[in-house]
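# What the coordinates show
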Amino acid sequence: MKNYTKIKDLPNLSQTIKEAILLKMNPFEFQDLGKHKTLVMLFFNSSLRTRLSTEKAAKNLGMDVMILNVNDAWNIEFEDGSIMNGNSSEHIKEAAQVISQYADIIAVRAFPTLQDKAKDESEYILNNFKKYATVPIVNMESATAHPLQALADAITISELTEKAKPKVVLSWAPHPKALPQAVANSFVEMMQDLEVDFTITHPEGYELSEAITKDTPINHNQEEALKDADFVYVKNWSNYKDYGKVLNQDENWMMTKAKLGGAKFMHCLPVRRNVVVEDAVLDSDQSVVIKQANNRTYAAQIVLKQILEDL
Ligand code: CP
């Protein structure tokens, strides 16, 4: 694999999930694969899980890891041909090539503006790194996608399902802040590629991009959508049509134990208790959020392994 910026970069999804589960049983099996290789992780935004699990994954493969909080470095200019007499001190053309000399793989986290839809959808940060870096690029959550999270989610469902074709529901939840659509987008795309009965439920007007949802069923009646679910993935996203706006904070959409029924509860974390989901869910055996977060390591590890094998 050359890059992992989207789920479709994986040459074989079902094989990748199986191999990730095997890696989890024997995480140091390939501890020499990354010897004398360096992962540089660039963070334009905050992280707990992605940062620690990806570092752990790289170290399990014997890699060295360097981390840069980009906001501590020089402001990077992404516009081609711009006259750089403002706040930006260096251009992505130099920055990406320079970092490539220190790295064998570069991983990037760069959230959307949630103000300029066209700019966000161009994935200008991730794609400029892809364009000008001379080493593979891994997406640690970009403006529109979080493929490492989605792979961890797929591993979690594959491990825990008791059915050949479980019912999975993605349920929108209220949140006081404007959040990206990236996690929901990648989860939808991942479920479309798995053997699951998949439904999305959200308030009217909260449709994700049709380019993502395609013909996935959408039900605006949450109770109806949740009926007989095996896995319920709860996530807030800000409005996509009225881009980046929070138009609904209806607490009736919060996930409760009563609504969850017998399903397993999933969330990418971090999660706001008693806003997105009530304590009784998170504190119950039905919550698999900690297992999901653990699988972030093996999702990152199988991705790095596949890239290292093709260097
Ligand atoms: N789920 C997730 O990406 O967590 P962090 O933002 O803490 O990395």
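Keep in mind that what you see is a predicted model, and the values were worked out from it rather than measured. (Residues numbered from 1 in each chain as written. Predicted model: local features only at pLDDT ≥ 70, side-chain atom pairs only at ≥ 80, totals over all residues. Heavy atoms only, no water.)

What follows is about the overall build of the protein chain. Check the secondary structure of the protein chain and you find twelve helices and eleven strands. For 311 residues, the compact-globule formula gives about 19 Å, and the C-alpha radius of gyration of the protein chain, at 19 Å, lands near that figure. Among the 311 residues that make up the protein chain, the fraction classed as buried is 56%. In the protein chain, the share of contacts with a sequence separation of at least 24, taken over all contacts with a separation of at least 6, comes to 77%. Put simply, the protein chain shows about 14200 Å² of open surface, and 47% of that area lies on carbon and sulfur atoms. (Helix = DSSP H or I, 4+ residues; strand = E, 2+ residues; numbered from the N terminus. Rg over C-alpha atoms; globule rule 2.2 N^0.38 Å. Buried < 20%, exposed > 50% of the residue type's maximum accessible area, 1.4 Å probe, protein only. Contact = heavy atoms within 4.5 Å. Areas by Shrake-Rupley, 256 points an atom, 1.4 Å probe, with all protein chains shown as cover.)

Another point: the packing of aromatic side chains. Within the structure shown, the criterion is met by eight aromatic pairs. Taken together, a centroid distance of 5.9 Å and an interplanar angle of 75° make the contact between Phe187 and Phe198 edge-to-face. With a gap of eleven residues between them, Phe187 in helix α7 (residues 182-193) and Phe198 in strand β8 (residues 197-201) connect regions that are remote in the sequence. You'll find Phe187 and Phe198 in the same group, each marked buried. (Phe/Tyr/Trp six-rings, centres within 6.5 Å; stacked < 30°, edge-to-face > 60°.)

Moving on, we come to the site of the ligand. In the vicinity of the ligand, the contacting residues are Ser47, Leu48, Arg49, Thr50, Arg109, His146, Gln149, Cys268, Leu269 and Arg296. The side chain of Arg109 places a nitrogen or oxygen atom 2.9 Å from an oxygen atom of the ligand. Within the side chain of Gln149, one N or O atom sits 3.0 Å away from a nitrogen atom of the ligand. Cavity membership is defined here by more than half of the atoms lying within 2 Å of grid points; on that basis the ligand lies in the largest pocket. By residue class, the composition of the shell around the ligand is three nonpolar, four polar and three charged. For the shell around the ligand, the two domains that each supply at least three residues are domain 1 (3-146 + 296-309) and domain 2 (147-292). (Near = heavy atom within 4 Å. Polar contact = N/O pair within 3.5 Å; in protein donor to acceptor, adjacent residues only side chain to side chain. 1 Å grid on protein atoms, 1.4 Å probe; cavity = no way out; pocket = protein on both sides within 12 Å on 5 of 7 lines; lining within 4 Å. Sits in = over half its atoms within 2 Å of the grid points. Nonpolar A, V, L, I, M, F, W, Y, C, P; charged D, E, K, R; others polar. Domains from an automatic or database assignment.)

When the UniProt feature table is mapped onto this chain numbering, "binding site: N(2)-succinyl-L-ornithine" (unreviewed entry) sits at Glu141, His175, Lys235 and Arg272. None of the other annotated residues line the largest pocket; only Glu141, His175, Lys235 and Arg272 do. If you trace the backbone, His175 turns up in the loop between β7 (167-172) and α7. Looking at His175, the relative accessible area reads 9%, which means it is buried. Those residues within four positions of His175 in sequence are excluded, and the remaining contacts are Asn236, Val246, Gln249, Arg272, Val275 and Val276. At 3.1 Å, the side chain of His175 and the backbone nitrogen of Lys177 are in polar contact. Following the sequence through the fold, Lys235 ends up in strand β10 (residues 231-235). Using a relative accessible area of 8% as the deciding quantity, one classes Lys235 as buried. Those residues in contact with Lys235 that lie beyond four places of it in its chain are Leu170, Ser171, Trp172, Ala173, Leu179, Val183, His267 and Cys268. (UniProt positions renumbered as here; feature names shortened; annotations may be inferred.)

With that settled, consider the UniProt feature "domain: Aspartate/ornithine carbamoyltransferase carbamoyl-P binding" (unreviewed entry) in the protein chain. Taking the UniProt record as the reference, the feature "domain: Aspartate/ornithine carbamoyltransferase carbamoyl-P binding" (unreviewed entry) is found at residues 4-159. Secondary structure over residues 4-159 splits into 40% helix and 15% strand, and the C-alpha atoms at its two ends are 23 Å apart.

This part takes up the layout of surface pockets. Over the atoms, a rolling probe the size of a water molecule traces out where space has been left empty. Taken as a whole, the largest pocket spans an internal volume of roughly 560 Å³. Forming the walls of the largest pocket are 26 residues, and the residues nearest its centre are Arg109, Phe111, Leu179, Leu269 and Pro270. Split into classes, the residues belonging to the lining of the largest pocket amount to ten nonpolar, nine polar and seven charged. Taken domain by domain, the makeup of the lining of the largest pocket includes at least three residues from each of domain 1 (3-146 + 296-309) and domain 2 (147-292). If you add up the space inside the second largest pocket, you get close to 410 Å³. When residues of the lining of the second largest pocket are traced back to their parent elements, those giving at least two are α4 (117-121), α5 (124-132), α7 and α8 (210-213). Per element, the largest residue contribution to the lining of the second largest pocket is four residues, and it comes from α7. If you count residues domain by domain, the lining of the second largest pocket takes at least three from each of domain 1 (3-146 + 296-309) and domain 2 (147-292). (Points joined across faces, edges and corners; volume = space filled by probe spheres on them.)

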